[in-house]
Amino acid sequence: MEEQRRNRRNLAQNLVITVLALSAAVLFAQTQLYNLDLTTGQPAATAGTSQSAAPAADLTAPVRVAVTGDYGRYASVALTTGDGDFADPLGRRLLEALGSAKEYAACTRTELLRALGRPSLYYDFVEPLPLSVLAGLLGGGEDVSPREDLSARRLLLALQSGSVSLYLWDGGESYYRASTAVSTDSLEQVIGRYELGNASFALDGEGLEKALDPCSLLPDQPPQLPAFTVGAPLAGGTDWLLSALGFNLRSRTRHTESNGTELIMDGDRTLRIRPDNTVYYQSGDDPSLSVRAAGELPTAREAALGAGSLLGGLLSPVSGEAQPWLQSLRRNGDVTVLRFGYQVGGVPVRFQDGSFAAEITLTGVSVTAMTLRFRQYVPAEGSSLLLPLPQALAVAASSPGKELSIGYVERNGECRACWLSD
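Residues numbered from 1 in each chain as written. Predicted model: local features only at pLDDT ≥ 70, side-chain atom pairs only at ≥ 80, totals over all residues. Heavy atoms only, no water.

This paragraph deals with the overall build of the chain. Across its full length, the chain carries nine helices and 25 strands. Here the chain holds 422 residues, and 51% of them are scored as buried. (Helix = DSSP H or I, 4+ residues; strand = E, 2+ residues; numbered from the N terminus. Buried < 20%, exposed > 50% of the residue type's maximum accessible area, 1.4 Å probe, protein only.)

So this is what it looks like as structure tokens:
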């Protein structure tokens with residue numbers, strides 16, 4: 001009888017523990033793990049205008065890196081291509097590889113994953129971009145001109161049979177490999193500069209390669225990332241914006257519509273400023289804004305760096321800690337559409353509705369339309385609280401095959417870093 005009571009008591013305790021564990025998992029999922037199902041487009045010159053514009057910062061992009069040696073991996077998930085820690089030596093080695101790779105042959109996902117186990121340098125640019133644009137982001141001049149018809153999100157420099165190969169994944173179903181002029185000694189010297197053992201890929205963990213995207217990059221200790229409040233970027237007035245776009249501040253056609261949108265017309269050009277800080281620009285037949293290009297149609301690189309320079313002068317003066325970065329570039333005939341997001345310290349910012357920070361449409365070299373989603377990120381007290389990796393993995397395992405990463409999510413007037421599953 002006593003043994004039966006003990007069995008019932010143990011069963012009750014186990015049930016309570018199970019319920020508490022499930023409740024904790026649900027709470028973690030609701031507060032710390034953000035499931036995303038966002039759709040985005042697949043994918044230095046400076047902006048030239050007929051009017052003077054505010055100074056613009058160089059275009060940079062977030063990049064996640066991993067260095068693999070014989071005794072483990074080193075990783076950073078909060079870097080930009082403009083950071084000195086990235087530019088030399090990691091960016092310089094990748095630029096050398098892109099500049100020397102000539103013949104790209106199709107390979108398989110399995111080959112790329114296998115190469116991750118060898119001494120290597122891994123780069124994840126979050127979104128796929130043309131190789132020529134990536135070379136520009138890495139600081140390459142016109143003399144470094146990799147192919148524009150190939151795009152890559154993840155790139156890998158890995159030792160292979162006494163040489164260094166470059167592997168690419170385009171964000172879809174295509175994988176490529178090319179030989180490079182990067183020497184094995186220079187690759188090993190780069191690897192030797194890092195203290196290995198602070199991170200892993202999902203493919204390193206038993207069973208994780210099935211529960212997650214195998215290239216999910218997992219730091220042993222989540223980084224300490226600040227939190228932000230979302231301010232009012234246009235509260236101080238919009239005359240500076242009109243001046244930057246070359247609008248006449250004394251335009252006779254300037255009024256506020258019933259929904260609160262301010263409408264300004266200057267000749268054929270139209271500007272609409274909504275109460276939610278979204279701005280719409282249409283050039284009409286007056287292409288006052290343009291990007292610099294050698295020909296009538298800009299290259300992908302010229303379009304990306306020129307549009308990024310223009311955005312830097314429009315968004316950066318009021319965005320606080322955030323900077324724009326290129327998410328996608330699409331071209332149809334002489335029309336080029338570029339979409340940008342915000343990033344803070346190399347960590348991308350996601351909007352709950354899956355939208356973008358800015359979209360620029362070029363017809364030839366002329367800026368014919370823009371959508372600008374102005375934001376201002378002001379440091380808040382304290383930092384973003386990220387789940388320890390084991391708990392994040394436990395919750396993410398409920399959605400097999402998705403990539404686990406770290407990013408900022410804006411909601412309820414705040415912008416905080418959390419684990420993302422998408």
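On we go.
Let us look at the pattern of salt bridges. Applying the stated rule across the entire model yields 20 salt bridges. A salt bridge links glutamate 359 to arginine 339; the shortest N-O distance between them is 2.6 Å. Of the two residues, glutamate 359 is situated in strand S21 (residues 358-363) and arginine 339 in strand S19 (residues 335-344); the sequence distance between them amounts to 20 residues. Where glutamate 410 meets arginine 375, a salt bridge forms, and the shortest distance between an N and an O atom there is 3.0 Å. Here the residue glutamate 410 occupies a position in strand S24 (residues 404-411), and arginine 375 occupies one in the loop between strand S22 (366-373) and strand S23 (377-383), the gap between them amounting to 35 residues. We classify glutamate 410 as buried; its relative accessible area is 13%. (Salt bridge = Lys/Arg side-chain N within 4 Å of Asp/Glu carboxyl O.)

Summarising the model, the chain shows a mean pLDDT of 86, and 86% of its residues fall at 70 or more. Throughout residues 1-31 the model reports pLDDT below 50, and contacts reaching past four residues in sequence, or to other chains, amount to seven contacts. Below pLDDT 50 for its whole length, residues 36-57 participates in 57 contacts with residues either more than four positions away or in separate chains. (pLDDT = per-residue confidence, 0-100. Contact = heavy atoms within 4.5 Å.)

In this section: helix H2 (residues 84-100). Taking 1.5 Å per residue, 17 residues should reach 24 Å; H2 reaches 23 Å between its end C-alpha atoms and fits that length. The axis of H2 is deflected most strongly, by about 45 degrees, at glycine 91. The set of residues buried in H2 consists of Phe86, Pro89, Leu90, Gly91, Arg93, Leu94, Leu95, Ala97, Leu98 and Ser100. (Expected span 1.5 Å × (residues − 1). Bend = angle between axes of the 7 residues up to and from the residue.)

Attention shifts here to helix H5 (residues 184-191). Looking at H5, one finds that the buried residues are Ser186, Leu187, Val190 and Ile191. One side of H5 holds all its buried residues, which, seen down the axis, span an arc of 140 degrees. Against the buried residues of H5 lie strand S3 (62-69), H2, strand S6 (120-130), strand S7 (151-160) and strand S8 (163-169). (Arc of directions from axis to C-beta.)

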